[in-house]
Amino acid sequence: MDIEEIIKKIKKTDLNDYISILKLSKIVKKNPVYSLENKIKIAIIGTSSIQHFVIVLKLFLLKYDINADVFEGQYDGINEAVFDKQSNLYDFHPNIVIILSDHKDIHEMPVLLSDRQAVDEFIEDQGNYYQLLWKKLSKIKGCHIFQSNIVIPLERELGNMEANVYYSKRNIYQLLNIELLKKKLENVTIVDMEYIAELVGKEKWFDYTLYFSSKINFSLKYIGIVCDIYAQQISNLLGKGKKCLVLDLDNTLWGGVVADEGAKGIKLDPNDSVGEAYRFFQQYILQLKNRGVILAAISKNDYCVAKEPFDINDNMILKYNDFSSFVANWNSKASNIDLVAEELNIGTDSFVFFDDNPAEREIVKMYHPEVQVIDVPENVADYAMTLELAHPFEWINLTQEDLKRTISYNTNKERRRFNLKYTDYKEYLKALNMKGKISRLEKQNINRFTQLINKSNQFNLRTKRYTEADIMEMFSGDNYRLLSVTLEDRFSKFGIISCIILEKFESNCFIDTWVMSCRVLKREVEILIFEKIIEISIMWNCETILGEYLQTKKNSIVKDLYPNLGFSLLEKGEKKYTYIYDVRKQFIEKSSIEEME
């Protein structure tokens, strides 16, 4: 079975079909894969037996087009791997470390009747231990840590009294999970294993027969669910996450067909059980939109008919302006997905498709295998939970820019209408009254800076991904200059829309990273930025500026950026182009953007 077959098979395999998952995992283990673009090093350590987790995680990473070289720690090997300076883990130099902790790691608890101070001191000590683990691992350059929290066991030595006394084991485990959150470093992500166990049911989660025989601390029936969530987290860390939810309308956002029932006759009545279920689903979607998920609607219908419920039905929770793209015509859903992608200027691999019609879902799967297609159940009451359990929007962090995303896309609609007034594009840009600011990166913006680097695929010259730990190291380095760019125009303020990392070596200024949000392409931001790069190069006494273009499937938009800015080709490889610019050369092109102080 070749790699393409394995990936197709795992994408079709039910996460609950653990027998098929384990069989596929063993095939991958016997036939290592080395052909995918994203090769990362992952170290996995834990106190229980982790061998099944290791082989299944490698399988699920392939599902997200990630090939991993994995270091597998010893049984009960967390302390040995982290605190032993001669540990093989440090020779491995992982990009990611996964720590699988368990409630059985805590060997001594506060005694019964301990006062609040004793319990708090115990929790503080435990939190300090984990923080020390993370600090030790953070010495590995660019290392990101995924730390599982504690799954609270069902056994209660005090019965219901556990909920009534501060010193109970149940409360101590809960307090420890909160302490992990309080103590975590910027390069640490807590993976909520407690939630996963609650999701499947703890009575099923704990398999003591399996633990006593093999030291595996949860039932293998759920190995697929667990590893898929970890793989999604890693995928998002590498900038491969989903960010746009594409929705059908009839029998998806409301009951019935609007062309037949009328805009006020569709099922959305809160006093009706079916109408209330559709409203519940809309409320869930609105929450996704409010956290930064882009919404798009695609309907086979006349535009005015599809839009009318949003205008006149008072029971609609979602509004027309909640959608960054609204497409209603009689074309295929697959072709309309391309239309939405073009309008929003984002890749279809960031799309999640939700449609009640199984035929439409199959067509989208056929023509857009990169789109995550949700298998929608027949019962509308299950819509929200089905989307929730698919975990499509498992982002690593959340920024202010995420929360403002829909506003930004909606103002793009206004800009497009405004553009129709002008026949000359330069005049249009001037009329936007754009103002930009290029600043040294501030510590509080490192999160957004890292996010933009990892999410940008089109305007990204090298597509080199960095963790927050990498950025922090360069942030403190003498030979680096990290720049963030903000932009505003007559319609809105964008926030940070571009990130640049410059490195000085000898008499050269090397453009290590240059990425820009797709929302501001073709705005002459790159001209403003390059003027700043020249200014810094002169300040550094550099003679030349070096830039690289590493060709990928998605970044062809910037293949001519350096030649267009006046760079000369220095070296050409198969997919690598190196360019050079003489700092003494006068750069005469001017941007339409006014630079703010």
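Predicted, not measured: the structure shown is a model, and the values here were computed from it. Counting starts from 1 at the beginning of each chain's written sequence and moves along it residue by residue. Side-chain atom pairs in this predicted model are given and counted only at pLDDT of 80 or more, local residue features only at pLDDT of at least 70, and totals for whole chains, interfaces and linings cover all residues. Hydrogens are left out, water is left out, and the side-chain values use all remaining heavy atoms of the structure.

Colleague: Describe the pattern of salt bridges, with residues and values.
Modeller: We define a salt bridge as a contact between a side-chain nitrogen of Lys or Arg and a carboxyl oxygen of Asp or Glu at a distance within 4 Å. Summed over all chains, the structure comprises 19 salt bridges. Close ionic contact of glutamate 360 with lysine 300 constitutes a salt bridge, the shortest N to O distance being 3.1 Å. Here glutamate 360 is found in helix α16 (residues 358-367), whereas its partner lysine 300 is found in strand β7 (residues 294-300), with 60 residues between them in sequence. Taken together, the shared-partner salt bridges in this structure form one network comprising Arg462, Asp512, Glu548 and Lys576. The numbering of helices and of strands both runs from the N terminus, where a helix is a DSSP run of H or I of at least 4 residues and a strand a run of E of at least 2.

Colleague: An account of the nonpolar core is requested, with residue identities and associated values reported.
Modeller: Throughout this description, the term nonpolar core refers to a set of buried Ala, Val, Leu, Ile, Met, Phe, Trp, Tyr and Cys residues connected via side-chain atoms within 4.5 Å. Under the scheme applied here, a residue whose accessible area is under 20% of the maximum for its type counts as buried, over 50% as exposed, and between as partly exposed, the area being computed with a 1.4 Å probe on protein chains only. Core analysis: the largest hydrophobic core is formed by 61 residues, its most contacted members being Phe351, Leu502, Trp514, Phe530, Ile533, Ile545 and Phe567. Here this core gets eight residues from one element, more than from any other, and that element is helix α23 (residues 525-539). Contacts are assigned to residue pairs with any non-hydrogen atoms lying within 4.5 Å of each other. If sequence neighbours within four positions are ignored, phenylalanine 530 has contacts with Trp514, Ile545, Leu565, Phe567, Tyr581 and Phe587. Counting residues in hydrophobic clusters, the runner-up holds 52 residues, among them Leu59, Val151, Val200 and Val226.

Colleague: So what's going on with the sheet that holds strand β9 (residues 351-354)? Which residues, and what values?
Modeller: In this analysis, strands are considered paired if DSSP registers two or more bridges between them. On the basis of which strands lie adjacent, the open sheet formed by five strands has the order β8-β7-β6-β9-β10 and parallel pairing. The sheet is open, and its two borders are formed by β8 (325-329) and β10 (372-373), each paired with just one other strand. As paired strands, β7 and β8 are joined by five bridges and run parallel to one another. Its bridge partner being in β8, lysine 300 is matched across the sheet by asparagine 329. Axes here mean lines fitted to C-alpha atoms, for a helix over just the part in contact, with angles spanning 0 to 180 degrees between N-to-C directions. In the packing of helix α13 (residues 273-290) onto the sheet, contacts are made with β6 (244-247), β7 and β9, and the angle to β6 comes to roughly 150 degrees.

Colleague: Mind laying out the side chain of asparagine 149, listing which residues take part and the relevant values?
Modeller: By the secondary structure assignment, asparagine 149 is in the loop between β4 (144-148) and α7 (169-183). As used in this structure description, the phrase polar contact means that two N or O atoms lie within 3.5 Å; if the pair is within protein, one of them must be able to donate a hydrogen and the other to accept it, and residues adjacent in sequence are counted only when both atoms belong to side chains. Within the structure, asparagine 149 has its side chain in polar contact with the backbone nitrogen of glutamate 194 (distance 3.1 Å). Leave out the neighbours within four places in its chain, and asparagine 149 touches Ser101, Asn177, Leu180, Ile190, Val191, Asp192, Met193 and Glu194.

Colleague: Can you explain the packing of aromatic side chains? Please cite residues and give values.
Modeller: The description of an aromatic ring pair uses the distance of the two centres, along with the angle that the planes make with each other. Working definition: a ring pair exists when centres of Phe, Tyr or Trp rings (six-membered ring for Trp) sit within 6.5 Å. Plane angles under 30 degrees give stacked, over 60 give edge-to-face, the rest tilted. Summed over the entire model, instances satisfying the criterion amount to 28 aromatic pairs. Residues phenylalanine 83 and tyrosine 129 carry aromatic rings whose centres are separated by 6.4 Å and whose planes lie at 45 degrees to one another, so their mutual orientation is tilted. With a gap of 46 residues between them, phenylalanine 83 in helix α4 (residues 78-83) and tyrosine 129 in helix α6 (residues 116-137) connect regions that are remote in the sequence. Given a relative accessible area of 32%, phenylalanine 83 falls into the partly exposed group. A relative accessible area of 28% means that tyrosine 129 is categorised as partly exposed. Between the aromatic rings of phenylalanine 310 and phenylalanine 326, the centroid separation amounts to 5.7 Å while the plane-to-plane angle is 90 degrees, which identifies the pairing as edge-to-face. On the criterion of sequence distance, the pair formed by phenylalanine 310 in helix α14 (residues 303-312) and phenylalanine 326 in strand β8 is long-range, its members being 16 residues apart. For the pair shown, phenylalanine 310 and phenylalanine 326 are each scored as buried. Through a chain of ring-to-ring contacts, three or more aromatic side chains come together here, namely Phe459, Trp514, Phe530, Tyr562, Phe567, Tyr579 and Tyr581. Seen from the ring of tyrosine 211, lysine 215 lies directly overhead, with NZ or CZ sitting 5.2 Å from the centre. Consider the ring centre and the ring normal. A charge sits over the ring if Lys NZ or Arg CZ is within 6 Å of that centre and within 35 degrees of that normal.

Colleague: Any chance you could break down the state of the cysteines for me, citing the residues and the numbers?
Modeller: Pairs of cysteine sulfur atoms within 2.5 Å are what we label disulfides. Applying the stated criterion across every chain, the model contains zero disulfides. No disulfide involves cysteine 509; its nearest neighbouring cysteine sulfur is the one of cysteine 542, lying 5.4 Å away.

Colleague: How would you sum up the pairing of β4? Please name residues and give values.
Modeller: For β4, the buried fraction is high: five of the five residues fall into the buried class. Here β4 shows two buried faces, one formed by His144, Phe146 and Ser148 and the other by Ile145 and Gln147. For the segment spanning strand β3 (residues 96-100), α6 and β4, crossover handedness is right-handed. Alignment of β4 against strand β5 (residues 188-191), held across four bridges, turns out to be parallel. Within β5, the position partnered with phenylalanine 146 by the bridge is threonine 189. Seen with its strands pointing away from the viewer, a crossover is right-handed if its path from the first strand over the helix to the second goes clockwise. Crossover connection from β4 via α7 to parallel β5: handedness right-handed.

Colleague: Please set out helix α8 (residues 193-200) residue by residue, giving values where relevant.
Modeller: Turning to α8, its buried residues are Met193, Glu194, Ile196, Ala197 and Val200. When α8 is viewed along its axis, its buried side chains cluster within an angular range of 160 degrees and face the same direction. Against the buried residues of α8 lie β4, α7, β5, α9 (202-205) and α11 (223-237). One or two positions beyond α8, positive phi appears at glycine 201, with a value near 100 degrees. The directions considered for the arc are those from the helix axis to the C-beta atoms.

Colleague: Would you mind going over the packing of helix α15 (residues 333-344) against α16 in detail, with residue names and values included?
Modeller: Look at α15 against α16: their axes get within 8 Å of each other, and the N-to-C directions meet at 60 degrees. What the angle tells us is that α15 and α16 run oblique. Residue-level inspection shows Lys333, Ala334 and Ile337 of α15 in contact with α16, the latter providing Glu360, Ile363, Val364 and Tyr367. Here the residues of the contact of α15 with α16 are counted per class, giving five nonpolar, no polar and two charged. Should an angle fall under 35 degrees it is taken as roughly parallel, and over 145 as roughly antiparallel, whereas 65 to 115 is taken as roughly perpendicular and any remaining angle as oblique. Throughout this entry, Asp, Glu, Lys and Arg are counted as charged residues, while Ala, Val, Leu, Ile, Met, Phe, Trp, Tyr, Cys and Pro are counted as nonpolar. The remaining residues, Gly among them, count as polar.

Colleague: Any details on the environment of tyrosine 173? Residues and values, ideally.
Modeller: Mapped onto the elements, tyrosine 173 comes out in helix α7. Look past the residues within four positions of tyrosine 173 in its chain and what remains in contact with it is His103, Ile106, Met109, Ile150, Ile152 and Pro153.

Colleague: Go over the pairing of β7 with me, naming the residues and quoting the values.
Modeller: In terms of burial, β7 is a largely internal element, six of the seven residues being buried. In terms of strand pairing, β6 meets β7 through four bridges, oriented parallel. Along β7, the bridge assignment pairs leucine 245 with leucine 295. Handedness of the crossover joining β7 and β8 through α14 is recorded here as right-handed.

Colleague: Kindly report on the confidence of the model for the protein, identifying the contributing residues and their values.
Modeller: Per-residue confidence from the prediction method is given by pLDDT, with values spanning 0 to 100. The pLDDT averaged across the protein works out to 90; a share of 96% of its residues lies at or above 70. Predicted confidence in the protein is weakest over helix α19 (residues 405-419), with a mean pLDDT of 68, and strongest over β9, with 97.

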